[in-house]
Structures are given as structure tokens and as C-alpha cells.
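Analysis of the macromolecular model
Each chain, written out:
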Amino acid sequence: MMPTLSEIKKSFLVSLWFMFLTFPIMVIRVNTTEKLVLWRWENMAYMGIGSFLLSFVWRYMLWRKETGKKDSESGTLQLPSFFERILSDRRYIVPATAAGIALVAIFPFVMDTYQTNIMITALMYIVLGLGLNIVVGLAGLLDLGYVAFYAVGAYTYGLLNHHFGLGFWTVLPIGAVMGAFFGILLGFPVLRLRGDYLAIVTLGFGEIIRLILENWNEFSFGPSGIAQIARPSLFGIQLSLSSSIIYLYFVMIGMVLFTIFVVNRLQNSRIGRAWIALREDEVACQAMGIDKTRTKLTAFALGATWAGMVGVIFAAKTTFINPASFTFLESAMILAIVVLGGMGSIVGVSIAALILILLPEYLRAFSEFRMLIFGAIMVIMMVFRPQGIVANVRRSYKFQPDKHS
Amino acid sequence: METILEVNGLTMDFGGLRALDHLNIDIRRGEIVALIGPNGAGKTTFFNCITGIYLPTQGDIIISPPKAEGTHKRERINGLKPNQVTEKGMARTFQNIRLFPNMTVLENVMIGRHCRTRAGVAGAIFRNRAMVREEQSIVDDSFRVLEKIGLARYVNDQARNLPYGAQRLLEIARALATEPFLILLDEPAAGMNPQETHELDELITRIRDDEGISILLIEHDMKLVMSLSNRIFVMDYGKKIAQGTPEEIRNNPVVIKAYLGEEIDA
Amino acid sequence: MEYFFELFLGGLTRGSIYALIALGYTMVYGIIELINFAHGEIYMIGAFTALIVASVLTVMGLNEFAILVLASIAAAVYSAAYGYTVEKIAYKPLRHAPRLSPLISAIGMSIFLQNYVLLAQTSDFLPFPSLIPDFEFWEPYSHLLRSTQLVILVTTTVIMVLLTLLIKYTKIGKAMRATAQDRSMAMLVGVNVNQVISMTFVIGSCLAAVGGVLIASHIGQINFFIGFIAGIKAFTAAVLGGVGSIPGAVLGSLILGLTESFATGYVSSDYEDVFAFALLVLILIFRPAGLLGRSTMQKV
Ligand SMILES: Nc1ncnc2c1ncn2[C@@H]1O[C@H](COP(=O)(O)OP(=O)(O)OP(=O)(O)O)[C@@H](O)[C@H]1O
Ligand SMILES: [Mg+2]
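Along each chain, numbering runs from 1 in the same order as the chain's sequence is written. Labels are handed out in written order, letters beginning with A for the chains and numbers beginning with 1 for the ligands. The model is predicted, so local features are restricted to residues of pLDDT at least 70 and side-chain atom pairs to those at 80 or more, both for listing and for counting; the totals for chains, interfaces and linings are taken over all residues. By convention in this description, side-chain values take in all heavy atoms of the structure and omit both hydrogens and water.

**What about the sheet that holds strand β3 (residues 32-36) of chain B?**
All names here are of chain B. A pair of strands is treated as paired once DSSP finds two or more bridges between them. For the purposes of this entry, the term helix denotes a DSSP run of H or I that reaches at least four residues, the term strand denotes a run of E that reaches at least two, and both are numbered from the N terminus. Read from one edge of the open sheet, six strands run β6-β7-β8-β3-β9-β10, paired in mixed fashion. In this open sheet, the two edge strands, each paired with only one partner strand, are β6 (90-92) and β10 (239-244). For this sheet, the mean inter-axis angle between neighbouring strands, taken without regard to orientation, is 20 degrees. Only heavy atoms matter for contacts: two residues are in contact if any of them lie within 4.5 Å across the pair. The angle between two axes is taken between their N-to-C directions and runs from 0 to 180 degrees, where each axis is a line fitted to C-alpha atoms and a helix contributes only its stretch in contact. Contacting β3, β7 (182-186) and β8 (214-218), helix α7 (residues 194-211) crosses the sheet at an angle of about 150 degrees to β8.

**Quick notes on the site of ligand 1**
Near ligand 1 you find 16 residues, and of these B:Asn39, B:Lys43, B:Thr44, B:Thr45 and B:Gln95 are the closest. For this purpose, a residue is taken to be near a molecule or strand whenever a single non-hydrogen atom of the residue falls within 4 Å of it. Around ligand 1, the nearby residues trace back to chains B and C. Within the backbone of B:Gly40, a nitrogen or oxygen atom sits 2.9 Å from an oxygen atom of ligand 1. Distance and chemistry together define a polar contact, namely a pair of N or O atoms within 3.5 Å, with one atom able to donate a hydrogen and the other to accept it when in protein, and with adjacent residues in sequence counting only for side-chain atoms on both sides. Within the backbone of B:Gly42, one N or O atom sits 2.9 Å away from an oxygen atom of ligand 1. Only the protein chains shown count as covering a residue, and every accessible area follows the Shrake-Rupley method with a 1.4 Å probe. Against a free-state accessible area of 640 Å², the protein chains account for coverage of 76% of ligand 1. Those elements that provide at least two residues to the shell around ligand 1 are β2 (17-28) and α1 (43-50) of chain B. Broken down by element, the shell around ligand 1 gets its largest block of residues, three residues, from α1(B). Think of it as three bins: nonpolar holds Ala, Val, Leu, Ile, Met, Phe, Trp, Tyr, Cys and Pro, charged holds Asp, Glu, Lys and Arg, and polar takes everything else, Gly as well. In terms of residue class, the shell around ligand 1 is built from six nonpolar, seven polar and three charged.

**Observations regarding the confidence of the model for chain B**
pLDDT measures how confident the predictor is about each residue, on a scale from 0 to 100. Averaged over every residue, the pLDDT of chain B is 89; the share at 70 or more is 95%. Averaged pLDDT values for the elements of chain B fall to 82 in helix α10 (residues 253-258) of chain B and rise to 95 in β7(B).

**Looking at the pairing of strand β9 (residues 231-236) of chain B**
Residues and elements named next belong to chain B. For the exposure calls, accessible area comes from a 1.4 Å probe over protein chains only, and a residue counts as buried if that area is under 20% of its type's maximum, exposed if over 50%, partly exposed in between. Summarising burial for β9: six of the six residues are buried, a large majority. Going residue by residue along β9, you find Arg231, Phe233 and Met235 tucked away on one face and Ile232, Val234 and Asp236 tucked away on the opposite face as well. Across four bridges, the pairing between β3 and β9 is parallel. Directly across from Ala34, in β9, lies its bridge partner Ile232. Relative to β10, β9 runs antiparallel, the two being bridged by five bridges. Looking at β10, one finds that Asp236 is bridged to Lys239. Turn length for the β9-β10 hairpin, with the two strands adjacent in sequence and antiparallel, is two residues, and the turn residue Tyr237 shows positive phi of about 45 degrees.

**Things to note about the domain arrangement of chain B**
Accessible area lost when the parts come together is the quantity often used to give the size of an interface. Residue and element names in this part refer to chain B. According to the domain assignment, chain B contains domain 1 (1-89 + 180-266) and domain 2 (101-171). Note that the domain bounds reflect an automated or database-derived domain assignment. Domain 1 and domain 2 are separated by 27 Å when their C-alpha centres are compared. Interface of domain 1 and domain 2: buried area, both sides summed, is about 820 Å²; carbon and sulfur atoms make up 55% of it. Defined in terms of a 1.4 Å probe, buried area is the accessible area two parts forfeit on being brought together, summed over both. Considering only the surface of domain 1 that becomes buried against domain 2, Glu87, Met192 and Leu203 emerge as the three largest contributors, covering 39% of it. Salt-bridge detection follows one rule: a side-chain nitrogen of Lys or Arg within 4 Å of a carboxyl oxygen of Asp or Glu. Joining domain 1 to domain 2, the criterion identifies one salt bridge. Salt-bridge contacts for Lys148 lead to Glu211; the nearest nitrogen and oxygen are separated by 3.2 Å. Our count for the contact surface shared by domain 1 and domain 2 stands at five residue pairs in polar contact (both at pLDDT 80 or more). Where the side of domain 1 that touches domain 2 is concerned, the elements lending two or more residues are α2 (82-88) and α7. It is α7 that provides the largest number of residues to the side of domain 1 that touches domain 2, a total of five residues.

**Points about the pattern of salt bridges**
Residues and elements named next belong to chain B. Under the criterion given, the structure shown has 34 salt bridges over all chains. Between Arg76 and Asp60 there is a salt bridge, and its shortest N-O distance comes to 2.6 Å. Pair noted here: Arg76 is in strand β5 (residues 75-76) and Asp60 is in strand β4 (residues 58-63), with a separation of 16 residues, a long-range link. A residue is classified by how much of its surface remains accessible, and Asp60, at 27% relative accessible area, is partly exposed.

**Regarding the side chain of A:Lys296**
All names here are of chain A. Mapped onto the elements, Lys296 comes out in helix α14 (residues 292-318). For Lys296, a relative accessible area of 1% puts it in the buried group. In this view, Lys296 contacts Leu141, Leu191, Leu193, Leu278 and Glu282; residues no more than four positions away in its chain are not counted.

**Thoughts on the coordination of the magnesium ion (ligand 2)**
Residues and elements named next belong to chain B. Bound to the magnesium ion (ligand 2) are the protein donor atoms Thr44 (OG1) and Gln95 (OE1), situated 1.8 to 2.1 Å from the metal. Linking Thr44 in helix α1 with Gln95 in the loop between β6 and α3 (105-112), this pair joins segments that are 51 residues apart in sequence. The exposure class of Thr44 is buried, given its relative accessible area of 16%. Taking relative accessible area as the criterion, Gln95 reaches 32% and is therefore assigned partly exposed. For Na, K and Ca the donor cut-off is 3.2 Å, and for all other metals it is 2.8 Å, counting N, O and S atoms only; because water is absent from this set, sites may look incomplete.

**Brief notes about α1(B)**
Of all eight residues making up α1(B), eight are buried, and the element is well covered by its neighbours. Within α1(B) the residues assigned to the buried category are B:Lys43, B:Thr44, B:Thr45, B:Phe46, B:Phe47, B:Asn48, B:Cys49 and B:Ile50.

**A short note on the interface of chain A and chain B**
Taken residue by residue, the interface counts 36 residues in chain A and 44 residues in chain B. Taken together, both faces of the contact between chain A and chain B bury some 3,700 Å²; the carbon and sulfur share is 59%. Of all residues in chain A, A:Arg270, A:Arg273 and A:Met288 bury the most surface against chain B, accounting for 23% of the area lost on that side. Counting every contact that joins chain A to chain B gives three salt bridges. Here B:Arg98 makes a salt bridge to A:Asp281, at a shortest N to O gap of 2.8 Å. Applying the counting criterion to the chain A and chain B interface returns eleven residue pairs in polar contact (both at pLDDT 80 or more). Looking at the side of chain A that touches chain B, the elements that each hand over two or more residues are α11 (241-267), α12 (270-280), α13 (282-287) and α14 of chain A. Among the elements that make up the side of chain A that touches chain B, the one with the highest residue count is α12(A) (eight residues).

**What to know about the pairing of strand β1 (residues 28-31) of chain A**
Looking down a regular strand, the side chains alternate between one sheet face and the other. Residues and elements named next belong to chain A. Burial of β1 is one-sided: the residues Ile28 and Val30 facing one way are buried, the residues Arg29 and Asn31 facing the other way are not. Inspection of the sheet shows β1 paired to strand β2 (residues 36-39) by four bridges, in the antiparallel sense. Paired with Val30 across the strands is Val37, a residue of β2. From the end of β1 to the start of β2, which pair antiparallel, there are four residues, and Lys35 there has a positive phi angle of about 55 degrees.

In C-alpha cells, the structure reads:
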């Protein structure tokens, strides 16, 4: 597709439109108290050039998507992404895995605690992403209040540790149970709702839980939160700060492996297939004998279980929690990870969590634009690649032709 | 032969519109019955009511599943959820194909086995012996159904990539996998070419003869209806206007009048 | 008793602002069955545009009335432009996608726009100029109803009447109703559906902008985040009335405004937002069709 004259004209118009559109907000900056106006004309130039170029990319991608769709209808497969090509190539996969394992094992010993802490955060988001992936990616239930269960886990540990001195390993399963319990409690009334209403109700629940934590001072210590929560101990031994971070890192690695193991087994099981069928067509799914409510509730509760566990880990990692960590934006961030990774895809979600959490940490320039990029990613992925960077591939089965005749 | 489905005075209102009006229909064991009528007569609505997708305004739906020993129990199934109806042994297909497009052909059929198997979350995670055996049986049974329907070569293809005719067959396969005693087909031949329709004719007969499954089908292709059915019910504006053997229906003036403008080519 | 009236009038004012935003949700939902999550941000951008334009004009030394008019027009134009563009970028390519895709896209758009304003402007609260002049009326009860509130109530009523006329009698209004009822049928009889959808976004965004200007001058400050809460509350109101129904949106908004006003006035202001969220959750669970909506069976 060469940029013809009419293409250039189109892009030119787009760029004019965007210069107009962004004019007041990008160009003018007012200081209302001192009655000063700052004109930032350079921003208009950036917008003009940027949107001119981006509009080519945009139309090229739309065009590619259209042709891709036609190809897949006529039998050829959809274009694999960069990650999918790497993942499907034997020559890369074996050395990459080996290098990966080595890297994971030595990481906390060669890096300082700051880096290790960042990595722990990234690992936590992998698990959160995989947990939400059960609900959104597999069962197709858009849960916008996922962070509420994360908060339940964190406050379970915070409160039990504060009042009764219970330790991390004792509370971890309790956090899981509490997550599941709240998942069922909230899920039961709302899961009959249609998809988009479900999304809004879960958002409402998430906000209600946060507002309760913020305002119910006697119970949750309000906005000031709970401090001095104990870090995890190793067989009852309190560790020093730096070694406890290394310890937590390996706990998280174990947690990630455990989660991948479970989700992988689930998605190729009777129950996992029922989730996907439910996502694909609710009416047909019911007509095939699947109990809609029960199946949804299982997915919802399992997702919440994982959020509860990561919540406990979060409280143990930061040793301080308050309601500000559990806003809607947190839910949206986890959702962005699932959307970018590919609904239902374990590898995709893991890669996406690493990209989205580590990139803003290491590229300082990015960190300011972090949420802006998260928002943009959700739009762009939905428009151009709804299957994510690594599409979920269904398992194929082998049959000997003579076995059944 | 004993009656396996009995519908008495079934009525369905949508706001002011009466889509079904005191409908009486019965189906006996081992029969192939056709439900015909002009567009908008209420045929699909009838299916939706008896499979629990719509809650009928009035009337009784009574099933008596045939049992091997000959002891059959009459049971009223109004108000059951669609999955419960399927569990009782009535499975259906949809007029506008409703497969699980991103699942493989085999998986689509495996979903049909869901209500005949038990494994839960714990089974999926721990994979104990019984669960592994059950999973294998799901795979084997589903594959056998696909072979019977003639879709075995597509096993691992995504359902949305199948040709149109094969998609219709896959819907039938999926319904068969639920082990029904009665199968409801909503316009199974729609969009098929004459060759495919002919094969469908044979397939439906085979399902009845080999599996002992009774069949109720909605169809606009009169040639197929006339060659397949033991009995025919004719609907118009939500009412039953005629019933009888193909011969009787062909010569019934009321039916011809209802179809005025539409031709019966048989 | 006086306190009761103060709360009542306060609730009506609140409710009429919600109504201006809720109409955008309800009209869009009626036509493309999408919860336009970014609608709250359109309202926020309207308020910001008004603030910026008003400040520039104040520095230039225009008189108050001219500032009010020009700032409101600018807000409406820019909100409409943003609404239109958002639809073209984030929703139009997803017309035939699974139902949740445009919703996720809308959430992304909402987050994007919030952070766009945050980065280009500021995260602080900005004082909003009192565009609506204070004037004396209704002595000795003026403490019950401030002049800005009166302006809000009058403006909203006028706008509602205009909107009703527009939808009832104009060509575009008829096309909108036709599209809402059956999109493919409307297309068959020659309605330009894409144009109707765009117009719906434009009209809804204009209304939101008016709401933004009014509430900002009533409250006196804005920041990039005001759209989120206002958006959710307006959506609650729309659902309460029966999403898709225009009189429903107005009724729902007034009920929500009054409930909030009385609840915070008589019970506690700590849980102000909890009331709205709880109401939202309860309606969706027990009467998802809303007060004026009819529950319909999904066609299979
Ligand atoms: N969920 C619903 N809500 C309102 N009206 C409905 C609903 N489902 C069906 N109808 C109406 O009921 C009537 C019967 O429709 P139905 O789909 O049962 O006809 P049909 O006999 O299957 O026609 P066709 O041969 O075209 O498939 C139609 O007028 C239809 O518009
Ligand atoms: Mg039909």
C-alpha cells in the first residue's frame, strides 16, 4: 500500500482535525489564581505531525486486519504475532527456557533489593492476570471489581496479623478462602445479569468495598490503613530485610508456577471447556446441558481465590496497606494485562504482565505515561488484535483411524 | 407406540403478540415428526418454549422418557431451565447456527457430554484415575459421534472454519452427544445444496433407526419433509391448523390456503 | 421544614445535572447497546474547555455575559468533537465484534482521556470561575435556592423540552428512533445508520458539556477525575429509569439526586458515594429493566 495522494490528503485532514481537537487542552495552560495564560504552540506542532503519521499506521493496520479476516475465512490462518512465531519455533524455545530458568534462579542474588522488589511486583501481576484470566478470558465475565477480592486478601492478612499476630503461611490459605467466599457472596446475585450489566455491577461492588474500608474506621482503620504487617517467616525464623525479600521472590516464583499449573489443567478440563463454551454462546451452552449459574460461579470464585492469595502476599510485601491501593484503576490495570496478553492465554498474560509492569519501571520516560498507555492498549488491542499478543490455541487430539471402526 | 412428548394448550405471549395459541402436539416413540408453517408461524418459539428457553404463558409440557424396562414416568417440565431439559433427554439445534466458534469441532461435541459426566474443579486439578478415565471417555464418545455424523476429518478444526453444511451437521452431533431420547432440529437443511440435503435425509433416518431417537424437525424444504416424516403438524399464526400423514397434509385445502403464495413443491 | 426544602431543592439540582449526563448514556445505549464508559470523560473535557476558554477571555477582558456564552459554546463544540472522535476510533471498528469488546475499548478510552487531561493540564483541582452571576430573587427564601441552582434548573428544563421536540419531530430524531428499534430494518428503509450513531454521540456529548459547565460553576472547582464518579452516577440514574428510555433517564436522575441529597442530609455524608453504588447494584440485581423499561426476552 503506497501512500497515494488521496491517502496523504486523508492523513492531512486527520492531522488538522486533531490539531483542532487538542487545541485548548494541549496548547493552553491557564493559571487561574494569577490570571496567567501559557501558550504551548509547540504541542500543536507535535500533535499535527504525530497524528499525520499515526493515521497512516492506523489505516494500514485496519487494512491488514480486513485482509487478514478474509484470509481466515478462506481457510488460511490468521497472521501469527511476533511472540507466537518465537513460541512456535523449537530452535528458540529450548534455549530460551533454559536461559529463563537460570535467569530466574540467580536474579535476586545478582540484583539489588530494589530490582528484586520490582520483580516481585511483576510476578504478583502475572498471578493476578492469570486469576482474572479465568473470569474474563475463559468464562467471558467482565469483572471490573476484581481488585475488591485483592483487597479482601490484603485486609485479611493485615487484620489477622494486627489483632492476633497470625503469620503469613497461616493466613495465605485463609486469604484464599476469604477471596472465594466473597466471590461467591458477590457472584451469586449478579451472575444472572447480562455481560455489560455484570461489568458495571462488579465495578460498583469494588467501589463499595473500597469506600467501606475507607470510612469504617473501627474496623479497617480508615484511610490511614494498617502498618507494620509482618513479613513472611521461614520455618518460624524472622529474616533480615534483604533476605526476606529474596525469600518472598522465591515464594512468588512458586506461586506463579502453581498458578500456571492449575490454570493449564483447568482450561483443558470438563469445567474449563464449559467456561469457554459459556463465553462463546450462552444460550447454546445452556441448551447443551450446562448449568449457567453454577459454571459462572465456579469461575468467579476461583478468580477471587487467586486475588485473595495475592492480596495476602501484597500485604506481606509492603507491610502497609490502605484503601488507596485498591481503586478501580488497579482493576483496570489487571484487565489491561489480560486484554494485551490474549484472553485465555497463559503465556500471553504472563508476557503482558512483565511488559506492562516492568517497562514503566525501567524506562522512566514511560512511567509518567503509564496509565495513558494502559488505556490506549485496551482500545488498540480491541480494535486490531482482540485475540491478544499470544492467541489461545485449543488443544488438538490424535486418533488412530482404525481404533474406532 | 407410547407417547414421549405431550404438549397441551401451549400458549406464548410477547407483550400483545400471541406467538403460540393453545397448541396441542404429541410425539410417539420412534417417530419422525415435522412441524411446518409459513414464516413467523411460531415454530421456533414452540421449540424455545419446550426447551426451557422461554417460559410459556400457559399450557403443559409433559415428557415420558422411554426406559429400557418399559417403565416410563410422566413428568411436567414447564419452568425447567434449558440445561435441565437437556438433562431430561431433549436436545435441540438452532435455526441460526449457534456453535462455539473458537472451539474445535471435537470440543463442541465434548460440551454435549458435559451433562452426562461429573468431574469438577478438584478433579481437573488433581487428575485422579477416575477423572482421567472419564476425560478419555468424553474424548472417545465425542469422536464416535463425529464419525457417525461424518465429520471425523474435521476433528481438530475450529468450528467457525467449517463449511456451512458441516456446521449444521456439527450442531446435530453436539445434540446427539447429550444422549437424548428426542432431538429437535430447527431447519436443519437450511442453506444446504441438494446433495447435502439428500445426505441429511439419510442421516436423520439412520439416527432414528440405529439409535432409537425420535425426531421433531422444523423444515421449509417440503421434499425433505414429505420423504422423512411419519406425521406432520402444520402451524399458522401460532395455531395448529392441520395434522396428519404426509399424504393427508399434501391434499389438505387448509394447508394449501395457509401457504398461498408459497409453493409446496412435492 | 426549611431544611427539608433546602435538601429537596439541592436534590433537584443534583438530579438535573445527572439527567444531562444520563441522557447521553441512555441515547447511546438505545442505539448501539453500548455502555459508553468514556461519556463521563466527555463531560469532564467540556468542563475543562469551558474553564480554559473562560480564563483566556477573562485575561482578554471580555464582559461576564460574553464569557459565559462563549465558554459554554466552546464546551459544547469540543465535547461534541471529542464524542464524535471517540466513537470513530474506539467503537465504530467494533460494530460487529463480540459484545464485550466495545465495552473494554470504552473503558480504555475513559482511562486514556483522563490521563490525557492529567498530563496536558494538571492533577490539581482548578478553581472554576463563577460564570453564572449571583443575583437576587425570591427574598426572603434565597438561602434555600442559590441563583446558580435556579439557572441549572431552568436550563435543564429548557434543554429537556428541546431534546424531546428534536426526537419527536425532526428527521434526525425519527431516524434515531428507527435505528434504536431495529438497526438492520432502519438500514433497509434508507436510514444512514453511521450518521445517526455519530449524531447520537454529538447530541449526547453536547448535553454532557452543558452539564459540565453548570455543575462546575455551581461547585467552583474541577479536576481530571470528576468524570469518573459523575459518569457512574449518571449511568446509575439511566439504569434506574430504564436504560434506553429518555424519560426514564430524567426520572432516574431526579430520584438519584433526591436520594443522595436526603441521605447525606439526614443520615451521614461519609457514605455519599456508597448510596449511589448500592442503589446501582440493587436495581441491576432486582429490576435490571429499570422503572420505565420493559423487560424483554432475548430473541433466540
Ligand atoms: N423474544 C421475542 N420477543 C418478541 N417477539 C418474538 C420473540 N420471539 C419470537 N417472536 C415473534 O413470534 C413470532 C413467531 O416467531 P418464530 O421465530 O417462532 O417463527 P418461525 O415459525 O420460526 O418462523 P421462521 O420460519 O421464519 O423461522 C414472530 O412474529 C416473532 O417476531
Ligand atoms: Mg424459526
